[in-house]
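# Understanding the architecture of this molecule
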Amino acid sequence: MAKAKTTKPKAAEMLTKELKGLIPKLDEEGLAFLVKQAHVHLYNMQVDALNQTIINDVQRKNASAGKTKTTKTVKTVKTSGNNGFSDIKISETGSGYHLLCNNTWIAFTSGEVTAMVKIAYGEGTDLEVRGRLHAWLNRERNDLLNAAGIANKFDDKLKTLVSLLKKNFKLKK
């Protein structure tokens, strides 16, 4: 195991050295792209850590409750296949939600989910709704577009997201 620890820093050092060598060759647009990608990657690392904490907590609760009791997901609708979005559940604190996207749980605030639900129930054709949702995600949660691999409003994964939101939430008039 000591060998794995020494290999990782060496790889990181080599990558750091390579990146430092490339930086002077990049234009402003390239640098801006790298900074944006770094922020997205850092956010994804935080989400992964949160997901692992959730998994560990569920496993701990299952172990303490015994094998006869199963965990229950709050407000869940699953869709079949790997079309991006397949599940949504409220956070344990109730302050936000987690969307399952391509086997990764992504955290959202209640305000973000409310905004997406309002867009999903908005007037217009399906394509217009997906266009507004894509624009909002591009502006507010670009990390989700990257994680789901959504390039534009024509992506069918946006249909599954709209469907999931509509099945789980209703708008109050």
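In this report, we go over the structure that sits alongside the text. All residue numbers refer to position in the chain's written sequence, counted from 1. Whole-chain, interface and lining totals are the exception, using all residues; otherwise, since this is a predicted model, local features are given only for residues with pLDDT of at least 70 and side-chain atom pairs are given and counted only at 80 or more. Think of the side-chain values as coming from all heavy atoms in the structure, minus any hydrogens and water.

### Thoughts on the overall build of the protein
Runs of E in the DSSP output that reach at least two residues are strands. Runs of H or I that reach at least four are helices, and both are numbered from the N terminus. When you go through the protein residue by residue, the secondary structure sums to six helices and three strands. The helix and strand sequence of the protein, counted from the amino end, reads α-α-β-β-β-α-α-α-α. Within the span of the protein, comprising 173 residues, buried residues form 29% of the whole. Sequence-distant contacts, at least 24 apart, represent 47% of the contacts inside the protein between residues at least 6 apart. With residues, only the protein chains shown are counted as cover, and all accessible areas are computed by Shrake-Rupley using a 1.4 Å probe. Within the structure as shown, the protein displays about 11900 Å² of accessible surface, and the carbon and sulfur contribution to it stands at 58%. When a residue's accessible area, from a 1.4 Å probe over protein chains only, is under 20% of the maximum for its type it is buried; when over 50% it is exposed; and in between it is partly exposed. Note on contacts: a residue pair is in contact if any heavy atoms of the two residues lie within 4.5 Å.

### Points about the nonpolar core
Of all hydrophobic cores here, the largest spans 26 residues; its most connected members are F85, V113, M116, L133, L137, L161 and L165. Sorting the residues of this core by element identifies strand 1 (85-90), strand 2 (96-101), strand 3 (104-109), helix 3 (110-120), helix 4 (126-140), helix 5 (142-148) and helix 6 (156-168) as the ones contributing at least two each. Residues in contact with L165, not counting those within four places in the same chain, are I88, V113, M116, V117 and A120. Residue types Ala, Val, Leu, Ile, Met, Phe, Trp, Tyr and Cys, when buried and joined through side-chain atoms within 4.5 Å, form a set referred to as a nonpolar core.

### Notes on the sheet that holds strand 1
Two strands are said to pair when DSSP picks up at least two bridges between them. Pairing in this open sheet of three strands is antiparallel, and the strands run 1-2-3 from one edge to the other. Of all strands in the sheet, those bounded by a partner on one side alone are strand 1 and strand 3. Neighbour-to-neighbour, the strand axes of this sheet turn through a mean angle of 25 degrees, independent of strand direction. Those strands touched by helix 3 are strand 2 and strand 3, and its axis lies near 90 degrees from that of strand 3. Every axis in this analysis is a line fitted to C-alpha atoms, fitted for helices over the stretch in contact. Angles between the N-to-C directions lie between 0 and 180 degrees. Here helix 6 sits on the sheet and contacts strand 1 and strand 2; the angle it forms with strand 1, its principal contact strand, is near 35 degrees.

### As for helix 3
In an α-helix there are 3.6 residues to a turn, and that puts residues three or four apart on one side. All of the buried residues in helix 3 are E112, V113, M116, V117, I119 and A120. Taken down its axis, helix 3 places every buried residue within 160 degrees of arc, on the same side. Buried residues in helix 3 make contact with strand 2, strand 3, helix 4 and helix 6. In this context, the arc is that of the directions from the helix axis out to the C-beta atoms.

### Side note on the packing of helix 3 against helix 6
Here helix 3 crosses helix 6 at 105 degrees, and the two axes come no closer than 9 Å. As summarised for this structure, helix 3 and helix 6 are arranged roughly perpendicular, according to the angle between their axes. Packed against helix 3, whose contacting residues are V113, M116, V117 and A120, the element helix 6 presents L161, V162, L165 and K166 at the interface. In this classification, the charged set is Asp, Glu, Lys and Arg, the nonpolar set is Ala, Val, Leu, Ile, Met, Phe, Trp, Tyr, Cys and Pro, and all remaining amino acids, among them Gly, are polar. Grouping the constituent residues of the contact of helix 3 with helix 6 by class yields seven nonpolar, no polar and one charged. In these notes the angle categories are as follows: under 35 degrees is roughly parallel, over 145 is roughly antiparallel, 65 to 115 is roughly perpendicular, and the rest is oblique.

### As for helix 6
Take the number of residues in a helix, subtract one, and multiply by 1.5 Å to get its expected span. Taking 1.5 Å per residue as the helical rise, helix 6 with its 13 residues ought to reach 18 Å, and the 19 Å between its terminal C-alpha atoms agrees with that figure. For helix 6, the set of buried residues is L158, T160, L161, V162, L164, L165 and N168. Residues of helix 6 that are buried make contact with strand 1, strand 2, helix 3, helix 4 and helix 5. Each polar contact in these results corresponds to two N or O atoms within 3.5 Å; when the atoms are within protein, one needs to be able to donate a hydrogen and the other to accept it, and residues that are neighboring in sequence are counted only if both atoms are side-chain atoms. Looking at where helix 6 begins, the residue whose side-chain oxygen comes 2.8 Å from the main-chain nitrogen of K157 is D155.

### Let's talk about the side chain of H134
Here H134 shows up in helix 4. Here H134 falls in the buried class, since its relative accessible area comes to 15%. A polar side-chain atom of H134 sits 3.5 Å from the main-chain carbonyl oxygen of A151.

### Topic: the packing of aromatic side chains
Classification of ring pairs rests on two measures: the distance between centres of Phe, Tyr or Trp rings, Trp counted by its six-membered ring, which must be within 6.5 Å, and the angle between planes, read as stacked under 30 degrees, edge-to-face over 60 and tilted in between. Counted under the stated rule, the structure contains one aromatic pair. Both rings, one in Y97 and one in F169, keep their centres 5.2 Å apart while their planes meet at 85 degrees; by these two values the pair is edge-to-face. On the criterion of sequence distance, the pair formed by Y97 in strand 2 and F169 in the segment after helix 6 is long-range, its members being 72 residues apart. Of the two residues, Y97 and F169, neither departs from the other in class, the shared state being buried. Sitting over the ring of F108, R141 keeps its end group 4.3 Å from the ring centre. Each ring is checked for a lysine NZ or an arginine CZ that lies within 6 Å of its centre and within 35 degrees of its normal; such an atom marks a charge sitting over the ring. Of note, K166 hangs over the ring of Y121, and the distance from its end group to the ring centre comes to 5.7 Å.

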